[in-house]
2 protein chains.
Amino acid sequence: MGSICFGIDIGGTSVKLGLFTQEGELLDNWEIPTRKEDKGSFILQDVAASVEGKIKEKSLNKEDIVGIGIGVPGPVTEDGTVVQCVNLGWGTFNVANEMKALTGLETKVGNDANVAALGEMWQGGGKGYKNLIMVTLGTGVGGGVILDGNILTGSNGAAGEIGHITVSYDETESCNCTKHGCLEQFASATGIVKEAKRILEKSEEASVLRNVPALSAKAIFDAAKEGDALALRSVDQLGRYLGIALSHVSAVVDPQAFVIGGGVSKAGDMLTEVIRKHYEQNVMLALKGKEFKLALLGNDAGIYGSAKLILGK
Amino acid sequence: MGSICFGIDIGGTSVKLGLFTQEGELLDNWEIPTRKEDKGSFILQDVAASVEGKIKEKSLNKEDIVGIGIGVPGPVTEDGTVVQCVNLGWGTFNVANEMKALTGLETKVGNDANVAALGEMWQGGGKGYKNLIMVTLGTGVGGGVILDGNILTGSNGAAGEIGHITVSYDETESCNCTKHGCLEQFASATGIVKEAKRILEKSEEASVLRNVPALSAKAIFDAAKEGDALALRSVDQLGRYLGIALSHVSAVVDPQAFVIGGGVSKAGDMLTEVIRKHYEQNVMLALKGKEFKLALLGNDAGIYGSAKLILGK
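Residue indices follow the written sequence of each chain, beginning from 1 at its first position. Lettering of chains starts at A and numbering of ligands starts at 1, both following the order in which they are written. In keeping with the model being predicted, local features are shown solely for residues with a pLDDT of at least 70 and side-chain atom pairs are shown and tallied solely at 80 or more, while totals for entire chains, interfaces and linings include all residues. To obtain the side-chain values, all non-hydrogen atoms of the structure were used and water was disregarded.

A. Local environment of the overall build of chain A. When you go through chain A residue by residue, the secondary structure sums to ten helices and twelve strands. In terms of overall dimensions, chain A is globule-like: its C-alpha atoms have a radius of gyration of 20 Å, near the 20 Å expected for 313 residues. Using a 1.4 Å probe on the protein chains alone, a residue whose accessible area is under 20% of its type maximum counts as buried, one over 50% counts as exposed, and one in between counts as partly exposed. In chain A, which comprises 313 residues, the proportion classed as buried is 60%. Asp and Glu are treated as the negative residues and Lys and Arg as the positive ones, with His and the ends of the chain left uncounted. For this purpose, a charge sits on NZ of Lys, CZ of Arg, CG of Asp or CD of Glu. One finds the centroid of the 30 positive side-chain charges in chain A at a distance of 2 Å from the centroid of its 38 negative side-chain charges. Put simply, DSSP H or I for four residues or longer makes a helix, DSSP E for two residues or longer makes a strand, and each gets a number counted from the N terminus. In this setup the radius of gyration rests on C-alpha atoms only. A globule is expected at 2.2 Å times the number of residues raised to 0.38.

Have a look at this one:
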């Protein structure tokens, strides 16, 4: 039985790699570019070569290595089959089997948002909880469901698609998923800005946001922290949509905690508090009082979670 | 290792009991009244006496009995502790331990809606699926989440509280849970009637429903099947609220199938089809195409599910 492992997070532009102990210590981490040409057919070869290179560099013995965990940006079934990874050019194939064939190392594969949730449970904002929901507020809105310490994959690898819970039935613009009114349309970094602009347009009120040349989620939170009324309204609306969506999640799985991550979560306690406020207004008594935590691992959540995926409980 | 078991469903007015084989054959079933006096302190004693009586009557050997499964109308944690069973007068105590002390038989306890879901998975409308959601449309709206063949209990025993997902933000009346706009307010037997009356009041259109002395969910579905426009509108609204709530559920756990039970489900395919229509309009591509099944076990779902709970996977 080995005592170290690789945690790997394959993204659209780069692959993050980490070497971990079983206890969760990150011994080394590095990145390689994601070669997307030829339908992404070089990606796993590049990753395998990089792993082999690190094994040589560190004079590691393969018997000391538990295996490789990999997070990928798309749906993955329990056995490690990706259904389609549009961002990588991939079709449908078993990533775990291919990586094992390339390296001889046991491999487990998960969806990147799910794996990030597992990472935060292991060594991040969700440490100490075995049943938690992670919501990642970034370019999109990702979600991960951890039950009894394991990722919930779902029958088609689509569990935890919290960003595509419908939260508004009046929205006329389409989400990237083609539906209308998804949480992602209001709570992603771009969604927050779009909604703030709508609020500014509908009002005549003065706001420091009117003078910000390139509006951003950060600018909106900064203005809200200074007491700007329209910025506060934007933040409250964001909290309402997130609070409502998480109230739905809670009624289904009754978790212990929610962990909020992604670039937007740099807003800090103001974000978790406004989500909590609206969550509490929208859940029944038995579901009140959940913990709302900020993610702690940032862009490393994926490598931590991938490592935990192969290490197991 | 035994080969038979007891499946017991404790309700507010009567306790249903069943004797089952491991294969799911119901060998015998009977009922006793639920004695609620003295904070329900006689209930488990009565159940234990009834079980002991059946063991004698059938000349059973306790070594042949796997144990007792019990469904109760309230939240239950993994270890068999009920948090509060208002309908039975119970406070907080470990039902599994007490029943084991009374009978010497291994006991497992689950929430009645969760246990019914397990029963439908085992021998009912959900047979063949390991990941399913059951929704029970009766006096209230109950829900049960089955993942990988097991009941999902949740951290406070409140997983699967689908009836209290908020589906309307305009509702001014309170739900029994004190929130506003819960699914239960629109999709319970009484909720369906209340909403149909609202639709009738708002319209001048002719409808056979105007001549029904005591409106019921059945009368509404019967009229809809005859093409009555306002009845059809009532059914469509019901389908919309259920379809929306189940779209939320799907985005969290990505099940294989939904099983619809309770008295309202006697409406049959018209009900499942209208739910499916609105479900499909409200989920992202990866979550489309789920199965919508009718429950098959009726009031026996609880005893089947309790039996399966003690038998295990």
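Structure's up, so let's keep going.
B. Focus on the domain arrangement of chain A. All names here are of chain A. In terms of domains, chain A is made up of domain 1 (4-121 + 300-311) and domain 2 (128-296). The quantity reported as buried area is the accessible area (1.4 Å probe) lost by two parts once they are put together, taken as the sum for both. Summing the contributions of domain 1 and of domain 2, the shared interface buries around 1300 Å²; its carbon and sulfur component is 63%. Ranking the residues of domain 1 by area buried against domain 2 places Asn 114, Glu 120 and Met 121 at the top, with a combined share of 48%. Take a side-chain nitrogen of Lys or Arg and a carboxyl oxygen of Asp or Glu: if they are within 4 Å of each other, that pair is a salt bridge. Joining domain 1 to domain 2, the criterion identifies zero salt bridges. For this analysis, a polar contact is any N or O atom pair within 3.5 Å, provided that within protein one partner can donate a hydrogen and the other can accept it, and provided that sequence-adjacent residues contribute only side-chain to side-chain pairs. The tally of links from domain 1 across to domain 2 stands at two residue pairs in polar contact (both at pLDDT 80 or more). Domain delimitation in this document rests on an assignment produced automatically or drawn from a domain database.

C. Summary view of the relation of the copies chain A and chain B. Our superposition of the copies is a least-squares fit, built on the C-alpha atoms of residues whose pLDDT is at least 70 in both. Placing chain A over chain B gives an RMSD of 0.0 Å and needs a rotation angle of 180°, together with 0.0 Å of translation along the axis. Taken together, the rotation and translation relating the two chain copies correspond to the operation of a two-fold axis. For chain A, the minimum C-alpha distance to the rotation axis belongs to His 248 of chain A and amounts to 3.3 Å. Any two residues whose heavy atoms approach within 4.5 Å at even a single point are treated as in contact. Take the interface residues of chain A: 100% of them recur as interface residues in chain B, which is what a same-surface contact looks like.

D. Representation of the packing of aromatic side chains within the structure. All names here are of chain A. In this scheme Phe, Tyr and Trp rings, the latter by its six-membered ring, pair at centre separations within 6.5 Å, and the angle between planes marks the pair as stacked below 30 degrees, edge-to-face above 60, and tilted otherwise. A full pass over the atoms with the stated rule returns 18 aromatic pairs over all chains. Ring centres of Phe 6 and Trp 30 lie 6.4 Å apart, and the angle between their planes is 85°; this geometry places the pair in the edge-to-face category. Of this pair, Phe 6 sits in strand S1 (residues 4-10) while Trp 30 sits in strand S3 (residues 26-33); the two residues are 24 residues apart in sequence, bridging distant segments of the chain. Since its relative accessible area comes to 0%, Phe 6 is described here as buried. Look at Trp 30 and you get buried, because its relative accessible area is 17%. Considering the side-chain rings of Tyr 279 and Phe 292, the 5.3 Å spacing of their centres and the 65° angle between planes classify their relative orientation as edge-to-face.

E. Representation of helix H2 (residues 43-57) of chain B within the structure. All names here are of chain B. Compared with the 21 Å implied by 1.5 Å per residue over 15 residues, the 21 Å span of H2 between its first and last C-alpha is a close match. For H2, the full list of buried residues reads Ile 43, Leu 44, Asp 46, Val 47, Ala 48, Ser 50, Val 51, Lys 54 and Ile 55. Ser 59, located one to two residues past H2, shows a positive phi value of around 50°. To estimate how far a helix should extend, the number of its residues minus one is multiplied by 1.5 Å.

F. Looking closely at the environment of Gly 18 of chain A. Residues and elements named next belong to chain A. Residue position: Gly 18 is located in strand S2 (residues 14-21). You can call Gly 18 buried: its relative accessible area is 0%. For the pair Gly 18 and Ile 303, spaced 285 residues apart in sequence, the C-alpha separation works out to 5.9 Å. Look past the residues within four positions of Gly 18 in its chain and what remains in contact with it is Cys 5, Phe 6, Gly 7, Leu 26, Asp 28, Asn 29, Trp 30 and Ile 303.

G. How the structure looks around the sheet that holds strand S7 (residues 107-111) of chain A. All names here are of chain A. Pairing in this open sheet of five strands is mixed, and the strands run S3-S2-S1-S4-S7 from one edge to the other. For this open sheet the edge positions go to S3 and S7, each flanked by a neighbour on one side alone. Taken pair by pair, the neighbouring strands of this sheet meet at an average axis angle of 15°, ignoring direction. To get an axis, fit a line to the C-alpha atoms, keeping to the stretch in contact for a helix; angles then go from 0 to 180 degrees between the N-to-C directions. This element, helix H3 (residues 95-103), spans strand S4 (65-72) and S7 of the sheet and lies at about 145° to S7. Taken strand by strand, helix H4 (residues 112-123) contacts S1, S2, S4 and S7, and its axis lies near 105° from that of S7. Two strands qualify as a pair provided DSSP detects at least 2 bridges between them.

H. How the structure looks around the environment of Thr 136 of chain A. Residue and element names in this part refer to chain A. Positionally, Thr 136 belongs in strand S8 (residues 132-137). Its relative accessible area of 23% is what places Thr 136 among the partly exposed residues. For the pair Thr 136 and Ala 295, spaced 159 residues apart in the sequence, the C-alpha separation amounts to 8.8 Å. Look past the residues within four positions of Thr 136 in its chain and what remains in contact with it is Val 141, Gly 142, Gly 261 and Gly 262.

I. Here's a closer look at the sheet that holds strand S11 (residues 257-261) of chain A. Across the sheet, five strands lie side by side as S10-S9-S8-S11-S12 (chain A); this open sheet has mixed pairing. A strand with exactly one partner marks an edge of an open sheet, and here the two such strands are strand S10 (150-151) and strand S12 (291-294) of chain A.

J. Highlighting the nonpolar core. Residues enter a nonpolar core if they are buried and are Ala, Val, Leu, Ile, Met, Phe, Trp, Tyr or Cys, with the set joined through side-chain atoms within 4.5 Å. Formed by 110 residues in total, the largest nonpolar core has its most connected members in Leu 246 and Leu 271 of chain A together with Leu 246 and Leu 271 of chain B. For Leu 271 of chain B, the contacting residues outside a window of four places in its chain are Leu 137, Phe 221, Leu 238, Leu 242, Ile 260, Val 264 and Ser 265 of chain B.

K. Just the side chain of Thr 81 of chain B, in detail. Residues and elements named next belong to chain B. Mapped onto the fold, Thr 81 is located in strand S5 (residues 81-82). A polar side-chain atom of Thr 81 sits 2.9 Å from a polar atom in the side chain of Asp 79. Within the structure, the side chain of Thr 81 is placed 3.4 Å from the side chain of Asn 94, a separation counted as a polar contact. When near neighbours in sequence (up to four residues on either side) are disregarded, Thr 81 contacts Pro 75, Val 76, Thr 92, Phe 93 and Asn 94.

L. Focus on the packing of helix H4 (residues 112-123) of chain B against helix H10 (residues 301-311) of chain B. All names here are of chain B. At a minimum axis distance of 7 Å, the contact between H4 and H10 shows a crossing angle of 85°. The angle between the axes of H4 and H10 places the two elements in the roughly perpendicular class. Contacts between H4 and H10 involve Val 115, Ala 116, Leu 118, Gly 119, Glu 120, Met 121, Trp 122 and Gln 123 from the first element and Ala 301, Gly 302, Tyr 304, Gly 305, Ser 306, Ala 307, Lys 308, Leu 309 and Leu 311 from the second. Throughout this entry, Asp, Glu, Lys and Arg are counted as charged residues, while Ala, Val, Leu, Ile, Met, Phe, Trp, Tyr, Cys and Pro are counted as nonpolar. The remaining residues, Gly among them, count as polar. Of the residues contributing to the contact of H4 with H10, the split by class is ten nonpolar, five polar and two charged. Geometric relationships in this document are graded by angle, where less than 35 degrees denotes roughly parallel, more than 145 denotes roughly antiparallel, 65 to 115 denotes roughly perpendicular, and other angles denote oblique.

M. Representation of the pattern of salt bridges within the structure. Per the counting criterion, the structure on display carries 32 salt bridges over all chains. Put simply, Glu 57 of chain A and Lys 54 of chain A hold a salt bridge, and the shortest N to O gap is 3.1 Å. Taken together, the residues span about one helical turn, with Glu 57 of chain A and Lys 54 of chain A both in helix H2 (residues 43-57) at a distance of three residues. Overall, Glu 57 of chain A belongs to the exposed group, its relative accessible area being 53%. In this structure, Glu 106 of chain B and Lys 100 of chain B form a salt bridge, with 2.7 Å as the shortest nitrogen-oxygen distance. Salt bridges here are not isolated pairs; linked through shared partners, they connect Glu 171, Glu 173, Lys 194, Glu 195 and Arg 198 of chain A.

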